[in-house]
Amino acid sequence: MIRRVLVAPEATARVTIERSDPFGGPPASERGRIWFLPGRGLRYRSAEKGGQDVVIDRVKDSFLMYSPQEEVLYRGAYGRAPSRLRRLIAEPEQAMTTNLSPVAERRDVRGALREGYRLRAAALGDSAGKVSVWISRDPGSGLPRFVSLASDVDTVLVEFQEWKFHAKARPADLVSSAPRGVREEPLDPRELLERAGPGRAPR
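Residues numbered from 1 in each chain as written. Predicted model: local features only at pLDDT ≥ 70, side-chain atom pairs only at ≥ 80, totals over all residues. Heavy atoms only, no water.

### Brief notes about the sheet that holds strand 10 (residues 144-150)
By way of backbone hydrogen bonds, the strands of a sheet pair with one another, either parallel or antiparallel.
Then comes step 1: A sheet is described by the order of its strands in space; here twelve strands give the open sequence 7-8-9-10-11-1-2-3-4-5-6-12, paired in mixed fashion. If you trace the sheet from one side to the other, it starts and ends with strand 7 (103-109) and strand 12 (183-186), each paired once. Taken pair by pair, the neighbouring strands of this sheet meet at an average axis angle of 25 degrees, ignoring direction.
Then comes step 2: Here strand 9 (residues 132-137) pairs with strand 10 via six bridges, running antiparallel. Its bridge partner being in strand 10, Arg 137 is matched across the sheet by Pro 144. (Pairing = 2+ DSSP bridges. Helix = DSSP H or I, 4+ residues; strand = E, 2+ residues; numbered from the N terminus. Axes fitted to C-alpha atoms, helices over the stretch in contact; angles between N-to-C directions.)

Right under this line is the structure:
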């Protein structure tokens, strides 16, 4: 299911991110696009008004978050990016060789039952097993369609659509949309996590 994404020079997709409301209300939702260049970097740009643009570039040793609402580009080193994302970027082959111990599990997604697999959390870098990961393929393409990440705090559901694969990596896709001369401030990963989630900043 994930091999084509991890071995392509570059993979892109539209995404919808839904985060549950801990108080029982409707989930918050955000639309955007991702660019994944295995070995090089990852970018997520929100399609919402005022949404953030996050870039992790291993070659440029950069971790950027541009906030149009604040008109600020937060800048940090690559090493400040979340470790799971750095591992996915630097060692995508590990995701194919690691024993994820998948367990077939059918779940209700937006009122429809979907076949999928619950993965071993420890294999994904969560040694404490505090995060439950479930993935489901698109029945037509066989590519990832839904990924659910559940913790004691909330549940995040990511839907992937319109996967595209490029014959050559395009590093220009990892260039932030921040305008020249925009004010810059140091990026504190803790601040990014506090802002994380639809309606705030992408995770």
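### With respect to the pairing of strand 6 (residues 72-76)
Then comes step 1: Within strand 6, four of the five residues are buried, leaving the element largely enclosed by the surrounding structure.
Then comes step 2: Relative to strand 6, strand 5 (residues 62-67) runs antiparallel, the two sharing five bridges. Note that in strand 6 the partner of Phe 63 across the bridge is Gly 76.
Then comes step 3: Connecting strand 5 to the antiparallel partner strand 6 that follows it, the hairpin turn spans four residues, and Glu 71 within it adopts a positive phi of roughly 55 degrees.
Then comes step 4: Sheet analysis places strand 6 next to strand 12, joined by four bridges and oriented parallel. Residue pairing in the sheet places Tyr 74 in a bridge with Glu 185 of strand 12. (Buried < 20%, exposed > 50% of the residue type's maximum accessible area, 1.4 Å probe, protein only.)

### Concerning the packing of aromatic side chains
Then comes step 1: Enumeration according to the criterion identifies two aromatic pairs in this entry.
Then comes step 2: Between Phe 160 and Trp 163 the ring centres are 5.2 Å apart and the planes differ by 20 degrees, which places this aromatic pair in the stacked class.
Then comes step 3: Its end group placed over the ring of Trp 35, Arg 43 keeps NZ or CZ at 4.6 Å from the ring centre. (Phe/Tyr/Trp six-rings, centres within 6.5 Å; stacked < 30°, edge-to-face > 60°. Lys NZ or Arg CZ within 6 Å of the ring centre and 35° of its normal.)

### Points about the side chain of Ser 46
Then comes step 1: Topologically, Ser 46 is positioned in strand 3 (residues 41-46).
Then comes step 2: What makes Ser 46 buried here is its relative accessible area of 8%.
Then comes step 3: A polar atom in the side chain of Ser 46 sits 3.0 Å from the backbone nitrogen of Glu 48.
Then comes step 4: The contact partners of Ser 46, leaving out residues within four places of it in the chain, are Glu 30, Arg 31, Gly 32, Gly 51 and Gln 52. (Polar contact = N/O pair within 3.5 Å; in protein donor to acceptor, adjacent residues only side chain to side chain. Contact = heavy atoms within 4.5 Å.)

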